[in-house]
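Overview (structure and organization)
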Amino acid sequence: MSQTHLHLLMAAAFLFFGLDRSMAQETGRPALMELPLSARFAGSAESMGAPLNAALGDVLFQPALLDSSHSGRFHLGFMDHFAGTAQAAALYARRPEKRKWVWHTSLRNLGFGNFTTRDPSGVEMGQFTASDVAWVSGASLPLDSNLTLGTSIWLGQSVLADRRSSFSQVDVGLTYFRNDRNLRLAALWRPWGGMTNVGGTNVSGRFDPDLRLSLSKGFANAPFTFLFTYDELQNWDISPEGLYDDSIDPLTGDTVPNGTWAFGDRLLRHLAVGTELDLGTVLKFPFGYHHRRRQELRLNNAPGTAGFAWGIDFKVRRFQVAVARNTYHTAGASTHLAIRTRLTDR
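Remember, it's a predicted structure, so these values are computed and weren't measured experimentally.

**Looking at the pattern of salt bridges**
Considering all chains together, one arrives at 15 salt bridges under this definition. Taking the shortest distance from any N to any O, the salt bridge between glutamate 232 and arginine 292 comes out at 2.7 Å. With glutamate 232 in the loop between β11 (222-230) and β12 (247-248) and arginine 292 in helix α5 (residues 291-297), this residue pair connects regions lying 60 residues apart in the sequence. Its relative accessible area of 23% is what places glutamate 232 among the partly exposed residues. Note that arginine 266 is salt-bridged to aspartate 237, the shortest N-O span being 3.2 Å. In this pair, arginine 266 sits in helix α4 (residues 262-268) while aspartate 237 sits in the loop between β11 and β12, placing the two residues 29 residues apart along the sequence.

Next comes the structure, spelled out in structure tokens:
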């Protein structure tokens, strides 16, 4: 058995037998799980969590968006993030004959580039790489004409030189769609996940469960859709510590009021808003704004377009192509490219 297969089996065992929550410490998710994997999602500044007309790539972040129209389709996505970091994903969906449910499977990889190893005196010793890779598979099942339930299971590993850690996670999604009202609601719950130490000294622990709610509202006689996503519902205050505290004038010693509306800022840090201009299957333009990203990553004297995103989705013969730019900070933006097509009839 290869070392990679062993890592995946250990991650699977970790998934099904669980991690003792009383013993394990919390740890952050690998970057592969946090960066947007869909060009449409990225182009809306991650506000398109419940698109009215879901594409196969949207399943990358919400398994309940998978439906029978995606059967036989293939999605290939790429993201050039920043400073040599790049991400790729390949996704395929299929509906078994005479079944209501649809399954999907995908491979996802995030590479951080090459790094140089040096000894304590600064002499170059060689190079090493770092990456996250995961196999993600799941299924969706329509509960009635409006409700759809979906789930995905992640099994993967993070590699840093010769250190490897396995990770796993469960995603549970639920969508409510009303075609007559041009309305879709979606919830994504990540109730369980964790990372275990395999062959190295990386942190072992559990991921903090989180919940995201999304809303899309279109109009019968207007070519645009409003998009809203409210994330991290499990934690009300996600602002940096001390952000709303008053300061002291170093010359007079007087208290200087902060002046920030704390409640409003805390509320908006969870929120991503956007819109999509829909000109049919031939052409779509998503736009979005992510408040938390702008507040945390902008430069005060030169905020630029940090937190804003835009994209374009168009058709070229049998291929649907999506391109997006998502600005994280003044230093640069991530570029997303996705190609969708049908491979089989069913």
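**What to know about the nonpolar core**
Generally speaking, a soluble globular protein has its nonpolar side chains buried in company with each other. Counting residues in each nonpolar core, the largest one holds 21 residues, and the members touching the most others are Leu32, Leu56, Leu66, Ala134, Trp154 and Phe167. Going through the elements one at a time, α2 (31-34), β3 (85-94), β4 (102-118) and β5 (124-142) are the ones with two or more residues in this core. The element best represented in this core is β3, accounting for 3 residues. Dropping the residues within four chain positions of it, alanine 134 is found in contact with Leu32, Ser106, Leu107, Arg108, Trp154, Leu155, Gly156 and Phe167.

**What to know about empty space enclosed by the protein**
Which parts of space are left empty comes out when a probe the size of a water molecule is rolled across the atoms. Per the stated rule, a full pass over the model turns up 4 cavities of 30 Å³ or more. Empty space within the largest cavity amounts to approximately 60 Å³. Leu37, Gly77, Phe78, Met79 and His336 are the residues nearest the centre of the largest cavity, which is lined by 13 residues in total. When contributions to the lining of the largest cavity are tallied by element, the ones reaching two or more residues are β2 (73-82), β3 and β18 (332-342). The residue makeup of the lining of the largest cavity, split by class, is 9 nonpolar, 4 polar and no charged. Space inside the second largest cavity adds up to approximately 40 Å³.

**Let's talk about the environment of serine 216**
When you line up the elements, serine 216 lands in strand β10 (residues 210-219). The sequence separation of serine 216 and proline 51 amounts to 165 residues, and the corresponding C-alpha distance is 6.0 Å. Each residue touching serine 216, except ones within four places of it in the same chain, is listed here: Ala50, Pro51, Leu52, Asn182, Leu183, Arg184, Thr225, Phe226 and Leu227. Reaching out from serine 216, the side chain makes a polar contact with the backbone oxygen of alanine 50 at a distance of 2.5 Å.

**A word on the packing of aromatic side chains**
In total, this model carries 9 aromatic pairs according to the counting rule given. Seen in terms of ring centroids, phenylalanine 41 and phenylalanine 61 are 4.0 Å apart; in terms of plane orientation they differ by 15 degrees. Their pairing is stacked. Of this pair, phenylalanine 41 sits in helix α3 (residues 39-43) while phenylalanine 61 sits in the loop between α3 and β2; the two residues are 20 residues apart in sequence, bridging distant segments of the chain. Taking the centre distance of 5.5 Å and the plane angle of 25 degrees together, the rings of phenylalanine 115 and phenylalanine 128 count as stacked. Residue phenylalanine 115 is located in strand β4, and its partner phenylalanine 128 is located in strand β5; the two are separated by 13 residues in the primary sequence. The class of phenylalanine 115 is partly exposed, set by a relative accessible area of 34%. Of the aromatic side chains, those joined through ring pairs into one cluster are Phe219, Phe224 and Phe226. The cationic tip of arginine 108 hangs over the ring face of tryptophan 154; the distance from NZ or CZ to the ring centre is 4.7 Å.

**Points about the environment of glutamine 62**
On the secondary structure map, glutamine 62 appears in the loop between α3 and β2. Each C-alpha atom of the pair glutamine 62 and histidine 291 lies 21 Å from the other, and the pair is 229 residues apart in sequence. With residues up to four places along the chain from it excluded, the contact list for glutamine 62 reads Gly49, Gly173, Leu174, Thr175, Ala186, Ala187 and Leu188.

Conventions and cut-offs
- Residues numbered from 1 in each chain as written.
- Predicted model: local features only at pLDDT ≥ 70, side-chain atom pairs only at ≥ 80, totals over all residues.
- Heavy atoms only, no water.
- Salt bridge = Lys/Arg side-chain N within 4 Å of Asp/Glu carboxyl O.
- Helix = DSSP H or I, 4+ residues; strand = E, 2+ residues; numbered from the N terminus.
- Buried < 20%, exposed > 50% of the residue type's maximum accessible area, 1.4 Å probe, protein only.
- Core = buried A, V, L, I, M, F, W, Y, C linked by side-chain atoms within 4.5 Å.
- Contact = heavy atoms within 4.5 Å.
- 1 Å grid on protein atoms, 1.4 Å probe; cavity = no way out; pocket = protein on both sides within 12 Å on 5 of 7 lines; lining within 4 Å.
- Points joined across faces, edges and corners; volume = space filled by probe spheres on them.
- Nonpolar A, V, L, I, M, F, W, Y, C, P; charged D, E, K, R; others polar.
- Polar contact = N/O pair within 3.5 Å; in protein donor to acceptor, adjacent residues only side chain to side chain.
- Phe/Tyr/Trp six-rings, centres within 6.5 Å; stacked < 30°, edge-to-face > 60°.
- Lys NZ or Arg CZ within 6 Å of the ring centre and 35° of its normal.

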